[in-house]
Amino acid sequence: MTPAQATCLADALKAGHGILALGGPALNAVECTIGLLEQSGLFNAGRGAKRQLDGVQRMDAAIMEGTHLEAGAVASLEGILHPITAARLVMEATDHVLLVGPLASRFTRHFKLDRHRSTGVPRRLSYDRTLAKQKRLTRDWHGTVGAVALDRFGAVAAGASTGGIESMLPGRVGDTPLIGCGVYADNRSGAVSMTGIGEGIIRLVIAKSICDRLAMGKSPTVAARQQLRMLVSRINGSAGALVLSPDGRFAIRHVTPYMAAGWWNGTGLPIVRGEFP
Ligand code: GLY
């Protein structure tokens, strides 16, 4: 983690906590925290989103609240600075959960969300060459951003925003906008936000599975560790999880080489680290 990323994470944690401290909802804290990370350009989300193999940034995001189990998500969104706000708009301004592609982008333009002009140059793609090469690619660690929060009313919320992974085919969508895979929140079990290689996270429906373990009485640490171990042992997956239970216990666990993350309860300084063994 670079010093700039550490500072940005700490500032985002302070901003999110500031909302909670004033009695604001967990949903607002999650959106605000993720929005600052999207805006920074320092992570793989919003301004800093990775490009797909045709040179275009297509972003995914989701947000969910645990009181009424309302959720919203966007996938393959182009040209928008804050996909997390777009996801929240889907949740609050429509009866749907997920909007995708150019029509999702058009939806967000209707609400005049801040635009983000990508500096990349779109390029043509040879599928023959790309598919042959893709099998040999080493996938690097990538910084999807996410947040979970608990407010003073006992409501939890979770969100995530991403530009995807290295060497994605155009049109690829990962776990982040799929409710139950990349994000889940339920006041009766907890809130989870995932980072990592989405293909594995999707196949084991990790966020909801961790919440189910919480509902069975497991602690956040145990629930995350068990599900992440299963991800590795069953399908050699790679991921990290932010896990929060409705009583305020939380865990940050990962089976990726490292994971820049932090927490703050309003006392002392925010804790930000690059790994959580
Ligand atoms: N976890 C982000 C992605 O796979 O797209």
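This is a predicted model, so every value here is computed, not measured.

Caption draft 1: Broad picture of the site of the ligand. Taken together, Thr-144, Thr-162, Gly-164, Ile-165, Arg-172, Gly-174, Asp-175, Thr-176, Gly-196, Ile-197 and Gly-198 make up all the residues around the ligand. One nitrogen or oxygen atom from the main chain of Gly-196 is found 2.7 Å from a nitrogen atom belonging to the ligand. Measuring from an oxygen atom of the ligand, one finds a backbone N or O atom of Gly-198 at 2.8 Å. Isolated, the ligand exposes 200 Å² of accessible area, and the fraction of that covered by the protein chains is 100%. When grouped by side-chain class, the residues that make up the shell around the ligand number two nonpolar, seven polar and two charged.

Caption draft 2: Fine view of the packing of helix H7 (residues 206-215) against helix H8 (residues 220-235). One can describe the packing of H7 onto H8 by two numbers: an axis separation of 9 Å at closest approach and a directional angle of 140°. Our classification of the angle between H7 and H8 gives oblique. Once H7 is placed against H8, the crossing between them reads as right-handed. Facing Ile-206, Ser-209, Ile-210, Arg-213 and Leu-214 of H7, the residues of H8 in contact are Pro-220, Ala-223, Ala-224, Gln-226, Gln-227, Met-230 and Leu-231. Of the residues that constitute the contact of H7 with H8, the class distribution is eight nonpolar, three polar and one charged.

Caption draft 3: Spotlight on the sheet that holds strand E9 (residues 250-254). Overall, antiparallel pairing links the four strands, which are arranged E6-E7-E8-E9 in an open sheet. In this open sheet, the two edge strands, each paired with only one partner strand, are strand E6 (183-186) and E9. Strand-to-strand twist of the sheet, defined as the mean angle between neighbouring strand axes without regard to direction, takes the value 10°. Contacts from H8 reach strand E7 (190-196), strand E8 (239-244) and E9 within the one sheet, and its direction differs from that of E9 by about 20°.

Caption draft 4: Seen up close, the pairing of E7. Within E7, seven of the seven residues are buried, which leaves it mostly tucked inside the rest of the structure. Across the two faces of E7 the burial is the same, with Gly-190, Val-192, Met-194 and Gly-196 and Ala-191, Ser-193 and Thr-195 all buried. Linking E6 back to E7 in an antiparallel pair, the connection comprises three residues. Bridge analysis of E7 against E8 gives six bridges, and the strand direction is antiparallel. Paired with Gly-196 across the two strands is Ala-239, which belongs to E8.

What counts, and at which threshold
Along each chain, residues carry numbers from 1 onward, in the same order as the chain's sequence is written. In keeping with the predicted nature of the model, local features appear solely for residues at pLDDT of at least 70, side-chain atom pairs appear and are counted solely at 80 or more, and the whole-chain, interface and lining totals rest on all residues. Where side-chain values are given, they derive from all heavy atoms of the structure, hydrogens and water being excluded. Being near a molecule or strand, for a residue, means having at least one of its heavy atoms within 4 Å of it. Whenever a nitrogen or oxygen atom comes within 3.5 Å of another N or O atom, the pair is scored as a polar contact, on the condition that within protein one atom can donate a hydrogen and the other can accept it, and that pairs from neighbouring residues in sequence are kept only if both atoms are in side chains. For every accessible area listed, the method is Shrake-Rupley and the probe measures 1.4 Å; residues are considered covered only by the protein chains on display. Throughout this entry, Asp, Glu, Lys and Arg are counted as charged residues, while Ala, Val, Leu, Ile, Met, Phe, Trp, Tyr, Cys and Pro are counted as nonpolar. The remaining residues, Gly among them, count as polar. Lines fitted to C-alpha atoms define the axes, with helix axes restricted to the stretch in contact, and inter-axis angles between N-to-C directions lie between 0 and 180 degrees. For the purposes of this entry, the term helix denotes a DSSP run of H or I that reaches at least four residues, the term strand denotes a run of E that reaches at least two, and both are numbered from the N terminus. Roughly parallel refers to an angle under 35 degrees, roughly antiparallel to one over 145, roughly perpendicular to one between 65 and 115, and oblique to any angle outside these ranges. Left-handed describes a crossing in which the near helix is turned anticlockwise from the far one by less than a right angle; the clockwise case is right-handed. We call two residues in contact when some of their heavy atoms are within 4.5 Å. Note on pairing: DSSP must find at least two bridges between two strands before they are called paired. With a 1.4 Å probe rolled over the protein chains alone, any residue whose accessible area is under 20% of its type maximum counts as buried; one over 50% counts as exposed, and the rest are partly exposed.

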